[in-house]
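Below, each chain spelled out in residue letters.
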Amino acid sequence: MTAHLISARLQNRSVHSRHPNSTSSTPPPRRRTLFRRLFIFSKYTLYLSLTSVVGLVVLTSFLFIHDLFTYTSRHVDRVPMNPLALHLERGGPKNLPIARVLVDDDEDEDMHRIARDKPRLVVVGGGWGAMGVLQTLHLGDYHVTVVSNETFTTFTPLLPSAAVGTVQIRSLIEPIRKIVARLRGHFVNGKAVDVDFGQRLIEIECVGNGERVYIPYDKLIIAVGSTSSTHGVPGLEHCFQLKTIADAQAIRRRVMDNFEIASLPTTSPSERKRLLSFVVCGGGPTGVETAAEIFDFCQEDIMNYFPKICREEVSIHVIQSRGHILNTVRVFIYVVLRPLVVLFYSEAISQYAEDKFKRDGVNLITNARVAAVTPEHVIYTSKNEDGKMEQHTIPTNFTLWSTGIAMNPFAKRVTQLLPNQFHKKAIEVDAHLRVKGTPQGTVYAVGDAATIETSLVSHFLEFVEEADQNKDGKIDFDEWEVMVNRIKQKIPMAEDHVSKAREIFTMYDVNGDNALELNELVKLLEDLGNKITSLPATAQVASQQGKYIGKKLNKLARRMERQEQEQKMETTQPSAGSATANTSSESARNLILIPDEAISAPFRYFHLGSLAYIGNAAVFDLGKYSFMGGLAAMYAWRSVYWNEQVSVRTRALLMIDWIVRGVWGRDLSRL
C-alpha cells in the first residue's frame, strides 16, 4: 500500500513537470490587475509626454514665425497730411486754436472718408462708461475722438489687489489708442476744462505742454467719472485714495515702507505699532476689499519673509459711518428689487463679511464718523453705552479714504453752464441719458458723472396737459392711468412705484370725489419722486450706460444712411431740376435732428449682481440669490473679473499674476 502511494505521487510530479503552463504557475488575479493598471498608466503618460513635446514644438514654431514676420523694416515716406492740421484756425469764445482737422485724418482712404463724411463724436473720459461706448460702436459710422488725461483705461475693481502686489499694475491697464484703433479713431491726451454748447466746441488742456485747444463735436459723451467726497473732514491730504493706478502705486510704496521701517532694530515698540496700523475709512466694497488684501498680504508674505514681530503687531481698522459694512450693496439692489427681498440678502452678506473680519482680527468700527486726520493719527467719534458722543484716536501711518463720491471739475463746470442743473454730485440726465438743458441729441453723460432724474414734479405741467383730456383741472382715474403710462415712459425707474395705480389714486384722493385736485397731484408726485432711488456710482452701471449709448448711436447711423439714400434717389428725379443736394458731410451733421425716442427706448438698468472680496473668500449678491463662501467663492469672484477684462492681453497677464502669486508669493520689491 505504501509503495502504491509513493508511485502515485511520483506520477503526479512528472505530469506537472511536463505542463509548466498549468494553473499553479498562473499569476494571481490581483497581480494581473496591477500589471494592467501599470500598462495603462505608462501608455497615457507616454501620450501626455508626446503631446506636451508636440505642443511645445508647435508653440516655439509659432513664436518663431511670428517674430519672422514682425521684425521687418517698415518705411514711412510722404505721409499725406492736410495743411490745416498743422496750421489750426483760431476762434471760439476764447479765440483758441480749433482742431477741425487732426494730423492723422488723411493717413489713408478710410480715415479720409470718415473725417470727410461722418459726424464728429467726442468721448471725454477713459473709464467704464467710455469703454462701453467704444466697444459697442461700429467701424466707420463716426469720426471718433477720445479725450483723456490718462493714456490707458484701468480695470478699477482690482486696484486693491494691485495695491499690495497680488496682481501687477500692467495687468489692469489697456492703452486707449489700441482700443480706439478698431474704430479708426483718434486719441487726445488732455483734460476737458470748458465747453461751448452753442458752437459745439469743447476746450481741452493738453497734457505735457499745457496748451489749450478747441475740439469741435456733433455729439459729445461726457464720461469723466467722479472724485472722492471729503464730507468736510480736515486733514484728508494725509490720506490715500484708491481710484487710479497712481493711487495704487503710492499705497504699495507706503505699505512696503512701513514694514521695512518696522523691521529696523532702531524702531521703538510704539513707533512699530503705529507703522503697522492700517486704517480704512469707509465700509463699502473698495474699503472692505483693501482691508482684506492687506490682511492676506500679512498672512501669506509678511509672515514668511519679515520678522514675526511685524505680523504680530499688525492691526487693521475699518471705520464705517453706518451700522454694517457693504451698505452699498443694500442700496444698490433696492433700486431693482422689492425691499423685503433686498434686506434679507444684503444683511446676510454684510453679516457674513463682518463675521469673517472678526475671525481674522480686523477691527470693525461701525456707527462712527471720522472727525479729523493727522499725519500720525485718525480721530473719530462714536456713541458710548449712554448714548453720548466720545472721541477716539488711532495711531497710524496709513489711512485710506474711501467714503462717497464728489463731482468731477469738468462735470461741475457743465452744471454751472446749464439751467435746471441743481444736483450736487453729478450731471442730471433724462431717461435717454441726454444732458438736461442742452440741445437734445447732442450731449450725453454716463457713469459716475451722471445721475438720471428722479423728480416727477418738474414734469408736472407736462403730465397734466397730456392726461387732463377734458381740461377740467382735475385728474380722474382714467386720466390717472394715462399719466401713469407717461410717467413710466419719462422716468422708467418709477415703474415699480406706480404699479399699483388704483391704491395710489385712492390714497391721495383726500376728499373722496374720485378725482385728484392739482394740489393732491403735486403731493403725490413729490412723494413718488422721493421714493425713487438713484442708480449707484458703480462700474456695472457705467458700463451698461456706455453700451446703451453705443447701440443707440449705431441705430442713428443706420437711420441716417437710409435718409441719405432717399435723398440721393430724390435728387436723381427729373423734377429735382437744378436743386443741388447737400454734401455727405452736411447730411451727416443732420444726424442730431433725429430724436432719440424714434430710435430706442429709455435706458433701463439690469442688475447682474454685486460681489466683494473679503480675504480668501468672497460674497455674491445676485438679486434673488446670494452666494458666500471660501475658496470656491473666491475663484468665482476671480472668474467674473477675468471675464470682464477689456482685452485678451490683460486676461493673459492677470492669469499669469494669479499663478505667480500662488506659487512664489507676492513681489516684495519697493519700486
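Residues numbered from 1 in each chain as written. Predicted model: local features only at pLDDT ≥ 70, side-chain atom pairs only at ≥ 80, totals over all residues. Heavy atoms only, no water.

Observations regarding the sheet that holds strand E15 (residues 368-373)
Spatially, E15-E16-E17 is the arrangement adopted by the three strands of the open sheet, whose pairing is antiparallel. Every other strand in the sheet has two partners, leaving E15 and strand E17 (389-395) as the edge strands with one partner each. Averaged over all pairs of adjacent strands, the angle between strand axes in this sheet comes to 30°, irrespective of strand direction. (Pairing = 2+ DSSP bridges. Helix = DSSP H or I, 4+ residues; strand = E, 2+ residues; numbered from the N terminus. Axes fitted to C-alpha atoms, helices over the stretch in contact; angles between N-to-C directions.)

What about the confidence of the model for the chain?
Chain-level statistics for the chain give a pLDDT mean of 87 and a share of 89% at 70 or above. Counting interchain partners and residues more than four positions distant, the pLDDT-below-50 stretch residues 329-345 has 40 contacts. Across residues 575-585, confidence stays below pLDDT 50; counting only partners more than four residues off in sequence or on other chains, it has nine contacts. (pLDDT = per-residue confidence, 0-100. Contact = heavy atoms within 4.5 Å.)

Brief notes about the packing of aromatic side chains
Counted under the stated rule, the structure contains twelve aromatic pairs. For the pair Trp128 and Phe155, a centre-to-centre distance of 5.3 Å together with 55° between the ring planes defines the contact as tilted. With Trp128 in helix H5 (residues 128-136) and Phe155 in the loop between strand E5 (152-154) and helix H6 (159-163), the pair connects residues that are 27 residues apart, well separated along the chain. An identical accessibility class is assigned to Trp128 and Phe155; each is buried. Ring centres of Phe477 and Phe505 lie 5.5 Å apart, and the angle between their planes is 80°; this geometry places the pair in the edge-to-face category. Placement of Phe477 in helix H16 (residues 477-490) and of Phe505 in helix H17 (residues 501-508) is noted, with a sequence separation of 28 residues between them. The pair Phe477 / Phe505 is uniform in exposure class, with both members buried. By way of ring pairs, the aromatic residues Phe240, Phe259, Phe278, Phe297, Phe306 and Phe398 are connected into one cluster. For the cation-ring pair, Arg502 lies above Phe477, with the distance from its terminal atom to the ring centre recorded as 3.7 Å. (Phe/Tyr/Trp six-rings, centres within 6.5 Å; stacked < 30°, edge-to-face > 60°. Buried < 20%, exposed > 50% of the residue type's maximum accessible area, 1.4 Å probe, protein only. Lys NZ or Arg CZ within 6 Å of the ring centre and 35° of its normal.)

Let's talk about the sheet that holds strand E25 (residues 610-613)
Strand order in the open sheet formed by three strands is E25-E26-E27, with antiparallel pairing between adjacent strands. Each edge of the open sheet carries a strand with a single partner, namely E25 and strand E27 (626-629). Taking each pair of neighbouring strands and ignoring which way they run, the sheet shows an average axis angle of 5°. With four bridges connecting them, strand E26 (residues 618-621) and E27 associate as antiparallel partners. Within E27, the residue paired with Val619 across the bridge is Met628. Relative to the sheet, helix H21 (residues 631-643) contacts E25, E26 and E27, its axis offset from that of E26 by approximately 65°.

A short note on the packing of helix H15 (residues 460-467) against H16
In a pair of packed helices, the angle between the axes and the distance between the axes together describe the arrangement. Viewed as axis vectors pointing N to C, H15 and H16 meet at an angle of 135°, and their least axial separation amounts to 9 Å. It follows from the interaxial angle that H15 and H16 lie oblique. The handedness of the crossing between H15 and H16 is right-handed. Contact residues: Glu462, Phe463, Val464, Glu466 and Ala467 in H15; Glu479, Val482, Met483, Arg486, Ile487 and Lys490 in H16. (Parallel < 35°, antiparallel > 145°, perpendicular 65-115°, else oblique. Left-handed = near helix turned anticlockwise from the far one by under 90°.)

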